[in-house]
Amino acid sequence: MRRSIACLLLFTLVLPGLEAAQPVRARKAMVVSRESNATDAGVAVLKAGGNAIDAAAAVGFALAVTHPSAGNLGGGGFMLVRFADGRTTFIDFRERAPLTATRDMYLDKDGNPTRDSLTGWRASGVPGTARGLEYAQRKYGKAKWADVVAPSVKLAREGFTVTYGLANGLKGAKNMAQFPESKRIFQKNGAFHNAGDKLVQPELAGVLERIQKSGARDFYEGETARIFADQMAKNGGAITAEDLKQYTVSERKTLEGNFRGYKVITAPPPSSGGIGILQMLAVLEKTGYEKAGAGSAQAIHYTAEAMRRYYADRATHLGDPDFWTVPVSKLLSPNYVNKLRASINPDKATNSDDVKAGDLRTMESTETTHYSIVDAEGNCVAVTYTLNGSYGSGVTVPGLGFLLNNEMDDFSVKPGVPNMFGAIGGEANAIAPRKRPLSSMAPTIVLKDGKPFLVVGTPGGTRILTSVMEVIQNVIDFKMNIQDAVNFPRFHHQWRPDKLQMEPTFSPDTVKLLEQRGHKIDIVRNICEIAAIEFQDNGWLAGAADPRVEGKAAGY
Ligand code: DON
């Protein structure tokens, strides 16, 4: 009964034109991140005269202190920028496979996958965050480097207050309990940090201070690098001093497409996210699906069928573009998109067994985090960065106080064997030295009439691109304000497993109608955690943190 009233309310509240929830509004600048100290750090840098890129570096370093499940120095990510003058760029600081990595490194002698890509010292790719944030800030920022790193140093050195959510997260992190240094720092050796406690991280403060003083060079070639490589060798990890030294950032061209006259600027490979968002939106554009209304079985059906088809393509065609030719324009070509659309039965779910990745040969050519920033000049930055799983590999490097990623699991460890997110892959995403694992991270910026309109992104593994797309659909097709668009129940389909994931806030009626069409429904809580900013027509900025988590939007 309670649930149906809640559902009824939800649907009444999001009728076009009505606003149910209010975003945070500001005149000039806005930061939305997953954690309040990090948002405040970004706003402080902006107020002191820094631009959105400076603030992005500050928020990235701050989250490495205050949001240890995903904020990181030991991971990597993507930064999408649209400058006030209209230029765009994509900074790829994703982890790379170590030089000694081999295609079968996570298979036992019988060829079966081990769990080593998930937990422990061998799960990590070479981290990219410190070099990535520095690259972006040095090239495009205008503040002093030391001032951008300063808030994170303070948060680590002096400590910050543990929230309810963080306390629960740390308590529940079984992967960390196996590693003494993680257990000591993040779980108080099993006594646990409670909400309201202060978490002080002196080792991490030391690393950040060295980064503040000597730049990312310390992390890759200095004292931090020496301790890091030493500990790796002692514990059977693969990352060496040479791996760290050779780590490079790749600056790439953004991927761009159109949806109903809006321009969508998004993540190119090695993300699978941008291509997915553009292909799925293009498939949906001419279906008329939106007429059935937000949250209706018909709208969900069409969207899920577009999703199912893209994930089949993803499994075969997507990988690191430095190692594999990704057929981007073929996957987005009108001919191909029309074919995909025509294969959707309006009344019946397609069986995933009957969906295969497109044969393009005959054609023409549980954690990550996202933050969105707009500055007073009109620069927009969207950053998604990650340790992959919650608290990554579970390993904290002794003496350095930061957690390491388990990003190697984003490779296809064996063709057809699902990774942590149930995604499968093949040759395109096989492991090779220096290669970057395929990602779903999809920081995205939408333009309306050539001007910034939305800045959006989220964690959530393979569900990232579908959730980003749903927010775009909610705003453009269903006319919601940004907070309603973020709050609205989400769903996800990824071809395999053949399941339609839906949040429990959808009406039971809708679920039943979808089941009648042949969808196999899985009810799952909290699909993703969006951080978004909308440029309102009246000149105000509207920031929306996701109520599913303890995020914060703030501006001035
Ligand atoms: O790059 C990717 O697609 C994944 N490593 C992201 C992981 C993630 O979002 C986990 N978050 N809940």
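Scroll up to find the structure this text is about.
Presented here is a report on the structure given in the accompanying data block. (Residues numbered from 1 in each chain as written. Predicted model: local features only at pLDDT ≥ 70, side-chain atom pairs only at ≥ 80, totals over all residues. Heavy atoms only, no water.)

**Thoughts on the packing of helix 3 (residues 52-66) against helix 4 (residues 129-140)**
Argument step 1. Following both chains from N to C, one finds helix 3 and helix 4 inclined at 160°, their axes separated by 9 Å at the closest point. Taken together, the axes of helix 3 and helix 4 are roughly antiparallel relative to one another. Both helix 3 and helix 4 take part in a crossing whose hand is left-handed. Of the residues in helix 4, those touching helix 3 at Ile53, Asp54, Ala56, Ala57, Gly60 and Phe61 are Leu133, Ala136, Gln137 and Tyr140.
Argument step 2. Class assignment of the residues belonging to the contact of helix 3 with helix 4 gives a composition of 7 nonpolar, 2 polar and 1 charged. (Axes fitted to C-alpha atoms, helices over the stretch in contact; angles between N-to-C directions. Helix = DSSP H or I, 4+ residues; strand = E, 2+ residues; numbered from the N terminus. Parallel < 35°, antiparallel > 145°, perpendicular 65-115°, else oblique. Left-handed = near helix turned anticlockwise from the far one by under 90°. Contact = heavy atoms within 4.5 Å. Nonpolar A, V, L, I, M, F, W, Y, C, P; charged D, E, K, R; others polar.)

**Some words on the packing of helix 3 against helix 9 (residues 202-214)**
To describe two helices that pack against each other, one gives the angle between their axes and the distance between the axes.
Argument step 1. It is at 11 Å that the axes of helix 3 and helix 9 come closest, and there the two elements cross at 165°. Classified by the angle between their axes, helix 3 and helix 9 sit roughly antiparallel to one another. With respect to the hand of their crossing, helix 3 and helix 9 are arranged in right-handed fashion. Contacts between helix 3 and helix 9 involve Phe61, Ala64 and Val65 on the former and, on the latter, Leu204, Leu208 and Ile211.
Argument step 2. Tallied by class, the residues present in the contact of helix 3 with helix 9 amount to 6 nonpolar, no polar and no charged.

**Things to note about the pattern of salt bridges**
Argument step 1. One pass over the full model with this rule turns up 36 salt bridges.
Argument step 2. The closest approach of N and O atoms between Arg252 and Asp322, which form a salt bridge, is 3.1 Å. In this pair, Arg252 is assigned in strand 7 (residues 250-252) and Asp322 in the loop between helix 14 (297-317) and helix 15 (328-331), connecting sequence segments 70 residues apart.
Argument step 3. Look at Asp322 and you get partly exposed, because its relative accessible area is 44%.
Argument step 4. By sharing partners, the salt bridges in this structure join Glu305, Arg308, Arg309, Asp498 and Lys520 into a single network. (Salt bridge = Lys/Arg side-chain N within 4 Å of Asp/Glu carboxyl O. Buried < 20%, exposed > 50% of the residue type's maximum accessible area, 1.4 Å probe, protein only.)

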